[in-house]
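# A structural walkthrough
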Amino acid sequence: MLMHHIANASLTDKVMSSEDSNPAATPTPGVDTQGDGRWMSLHNHFVSNSKDKEPDVLFVGDSLVQLLYQFEVWRDLFSPLHALNFGVGGDATQHVLWRLSNGELGHISPKVVVLWVGTNNHGHTAEQICGGIMAIVQLIKDKLPKAYTLVLGVLPRGKMPNPLRERNAQVNKLVQEAVSSLPHASLLNVDPGFVHSDGSISHQDLYDYLHLTPQGYQAVCQPLHAHLKGLLEKQAEN
Amino acid sequence: MSGDEMNPAAVAQAVEDIQGDDRWMSQHTRFVQECKDAEPEVLFIGDSMVQLMQQYEIWRELFSPLHALNFGIGGDTTCNVLWRLQNGELDNIGPKVTVVWVGTNNHEHSAEQVAGGILAIAQLLTSRLPKTKVVVLGLLARGEWPNPLREKNVAVNSFLRSWLPRLGHTQFLDVGAGFVHSDETISTRDMFDFLHLTAAGYRAIAKPLIDLLLQILEGTPEEKRASLV
């Protein structure tokens, strides 16, 4: 569905009002196309994790979140912050929305939710993807009124310039505008400069021009960690 | 053994750029370039099971010292690997060992067809690289609980066990022992999404694999090898 520009409405109103007709903002569970039920298994694991743990920080999103947990950088930087990881590879905004609406936020009260999603929303426009992200931000606000949501900018992808890079950059721009008026959320650009002067991305940073190498994660996570610590300190003062 | 013309899993096929950033072709092009620059003693080819291995410490510890190249691409089927091997990824190299790990993504094909596709890959390798020994890794179990894909992968491995020994210079290695627990579940400690291996999961499979690789490499009486761990 195309979004019509409404001159007097704020961007937030614009994206929220089309929730029903925006597939990126309609909670949708993952479909088990392959036959081994892995998406639902992961979701169930996260729901029961949320019963046992008391995280201060919750990371939620797609494979960029999920893979982060597998590398040393998680143990070095985020375990000490008492962080949980609810990343699922392949997830688009509507899948994350479904998971958070169906138990993954039950029983926990993290101070900060780090949201990193959007790159897998194939077939959706930048406006729709922004709408999906903002729907998640709103859901988190409803379920965890005291939590702060840190939205991470969607990274560039592909070895050379391509339409998905433009789409992702536009998503970040729209989300930045949408959160600018919100006290409980912000967008953090975590791209340390992956795109070189010739327009290329190196496989040393994104091993398949989409997923981060451990080196890529280091470059992303150092500033993220510093920013998170600042947020947590501020939350502690409130 | 399966007739290649009739087996869709043995038909070479490139991956179409549906998403719009052409990443599959970019990775293939990079591998072709690596063939021009490198002189690998060991070549790994396959899907994400191969690709992800290179991102963990274990690659640098155990496999880099063997002068290994990693030509894994996530999502690849036997058809995609066949295409890559026929289109430059074997040019100018003469590895002593080629490790093949692919088949779990062949969702459109039966177990017998998948095994036939893997066989076709082994046949291509032994004909293009006469000096190489081919090691085919068995498909791992997947999914948290028993499911049809586990049965399918077991069946693929079963076909491979009986077909591969008939091909010269080729052997089958099952690295899947221990992943399915007595309650029939797979743990996220081994496979973080019940498909892809964690660092611990790779350490478990690396042991039998490195033992076999060293056995094969030490068996070849030629020139220098890298200092081994």
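What counts and how
Residues numbered from 1 in each chain as written. Chains lettered and ligands numbered in written order. Predicted model: local features only at pLDDT ≥ 70, side-chain atom pairs only at ≥ 80, totals over all residues. Heavy atoms only, no water. UniProt positions renumbered as here; feature names shortened; annotations may be inferred. Helix = DSSP H or I, 4+ residues; strand = E, 2+ residues; numbered from the N terminus. Rg over C-alpha atoms; globule rule 2.2 N^0.38 Å. Buried < 20%, exposed > 50% of the residue type's maximum accessible area, 1.4 Å probe, protein only. Areas by Shrake-Rupley, 256 points an atom, 1.4 Å probe, with all protein chains shown as cover. Lys, Arg positive; Asp, Glu negative; His and termini not counted. Charge placed at Lys NZ, Arg CZ, Asp CG, Glu CD. Contact = heavy atoms within 4.5 Å. Buried area = accessible area lost by both parts, 1.4 Å probe. Salt bridge = Lys/Arg side-chain N within 4 Å of Asp/Glu carboxyl O. Polar contact = N/O pair within 3.5 Å; in protein donor to acceptor, adjacent residues only side chain to side chain. Core = buried A, V, L, I, M, F, W, Y, C linked by side-chain atoms within 4.5 Å. Axes fitted to C-alpha atoms, helices over the stretch in contact; angles between N-to-C directions. Parallel < 35°, antiparallel > 145°, perpendicular 65-115°, else oblique. Left-handed = near helix turned anticlockwise from the far one by under 90°.

Per an unreviewed UniProt entry, chain B is named Platelet-activating factor acetylhydrolase IB subunit alpha2, and its organism is Oncorhynchus tshawytscha. Among the UniProt annotations of chain B, the heading Sequence similarities (unreviewed entry) holds the following wording: "Belongs to the 'GDSL' lipolytic enzyme family. Platelet-activating factor acetylhydrolase IB beta/gamma subunits subfamily." Reading the Subcellular location (unreviewed entry) entry of the UniProt record for chain B gives the comment "Cytoplasm".

Per an unreviewed UniProt entry, chain A is named 1-alkyl-2-acetylglycerophosphocholine esterase, and its organism is Oncorhynchus tshawytscha. Of the comments in the UniProt record for chain A, the one headed Subcellular location (unreviewed entry) reads "Cytoplasm".

Helix and strand counts for chain B stand at seven helices and five strands. Ordering the α and β elements of chain B from the N terminus gives α-β-α-α-β-α-β-α-β-α-β-α. Taken over C-alpha atoms, the radius of gyration comes to 17 Å for chain B, in line with the 17 Å a tight globule of 229 residues would show. Over its C-alpha atoms, taken along the principal directions, chain B stretches across nearly 50 × 40 × 40 Å. Evaluated residue by residue, chain B yields a buried proportion of 58% over its 229 residues. Looking at chain B as shown, the accessible area adds up to about 9800 Å², and 50% of this sits on carbon and sulfur atoms. Of the side-chain charges in chain B, 19 are positive and 29 negative, and the distance between the mean point of each set is 5 Å.

This brings us to unusual backbone geometry. All names here are of chain B. Of note in this structure, asparagine 92 is not a glycine but carries a positive phi near 70°. Topologically, asparagine 92 is positioned in the loop between α4 (78-86) and β3 (97-101). Relative accessible area serves as the criterion here: at 62%, asparagine 92 is assigned to the exposed category. You will see that glutamate 184, though not glycine, has its phi angle at about 75°, which is positive. Locating glutamate 184 in the fold gives a position in the loop between β5 (170-173) and α7 (199-219).

What follows deals with the interface of chain A and chain B. Each side of the interface is counted separately: chain A has 25 residues, and chain B has 25 residues. Here chain A packs against chain B, burying approximately 2300 Å² in sum over the two surfaces, 55% of which is carbon and sulfur. In terms of surface lost to chain B, no three residues of chain A exceed Arg38(A), Gln70(A) and Tyr207(A), which account for 24% of the buried area on that side. Linking chain A with chain B are four salt bridges. Salt-bridge contacts for Arg142(B) lead to Asp36(A); the nearest nitrogen and oxygen are separated by 2.6 Å. One can count 11 residue pairs in polar contact (both at pLDDT 80 or more) joining chain A with chain B.

With that settled, consider the nonpolar core. Phe59(A), Phe78(A), Trp116(A), Tyr217(A), Phe44(B), Phe63(B) and Trp101(B) are the most contacted members of the largest nonpolar core, which totals 110 residues. At 10 residues, helix α6 (residues 126-143) of chain A tops the list of elements feeding residues into this core. Excluding anything up to four places from it in sequence, Phe59(A) contacts Val65(A), Leu68(A), Trp74(A), Phe78(A), Ala83(A), Leu84(A), Asn85(A), Phe86(A), Gly87(A), Val114(A), Leu224(A) and Leu228(A). Judged by nonpolar contacts, the second largest core, of 37 residues, contains Leu85(B), Ile93(B), Val136(B) and Leu164(B).

Turning next to the side chain of Gln51(B). All names here are of chain B. Residue position: glutamine 51 is located in helix α2 (residues 48-53). For glutamine 51, a relative accessible area of 6% corresponds to the buried category. In terms of polar contacts, glutamine 51 uses its side chain to reach the side chain of glutamine 27, at 2.7 Å. In terms of polar contacts, glutamine 51 uses its side chain to reach the backbone carbonyl oxygen of glycine 72, at 3.3 Å.

Right, let's get into the pattern of salt bridges. Residues and elements named next belong to chain B. For the structure on display, the rule yields 19 salt bridges over all chains. In this structure, arginine 128 engages aspartate 91 in a salt bridge whose closest nitrogen and oxygen atoms are separated by 3.0 Å. Placement of arginine 128 in helix α5 (residues 111-128) and of aspartate 91 in the loop between α4 and β3 is noted, with a sequence separation of 37 residues between them. Overall, aspartate 91 belongs to the partly exposed group, its relative accessible area being 33%. The salt bridge partner of arginine 161 is aspartate 174, with a shortest N-O separation of 2.7 Å. In this pair, arginine 161 sits in helix α6 (residues 148-163) while aspartate 174 sits in the loop between β5 and α7, placing the two residues 13 residues apart along the sequence. For arginine 161, a relative accessible area of 42% translates into the label partly exposed. A relative accessible area of 37% means that aspartate 174 is categorised as partly exposed.

Take the packing of helix α5 (residues 93-104) of chain A against α6(A) next. Residues and elements named next belong to chain A. At a closest axis distance of 9 Å, the pairing of α5 and α6 adopts a crossing angle of 15°. Taken together, the axes of α5 and α6 lie roughly parallel to each other. Every pair of crossing elements has a handedness; the one defined by α5 and α6 is left-handed. Residues Thr93, Val96, Leu97, Leu100 and Ser101 of α5 touch α6, and the partners they reach there are Ile129, Gly132, Ile133, Ala135, Ile136, Leu139, Ile140 and Lys143.

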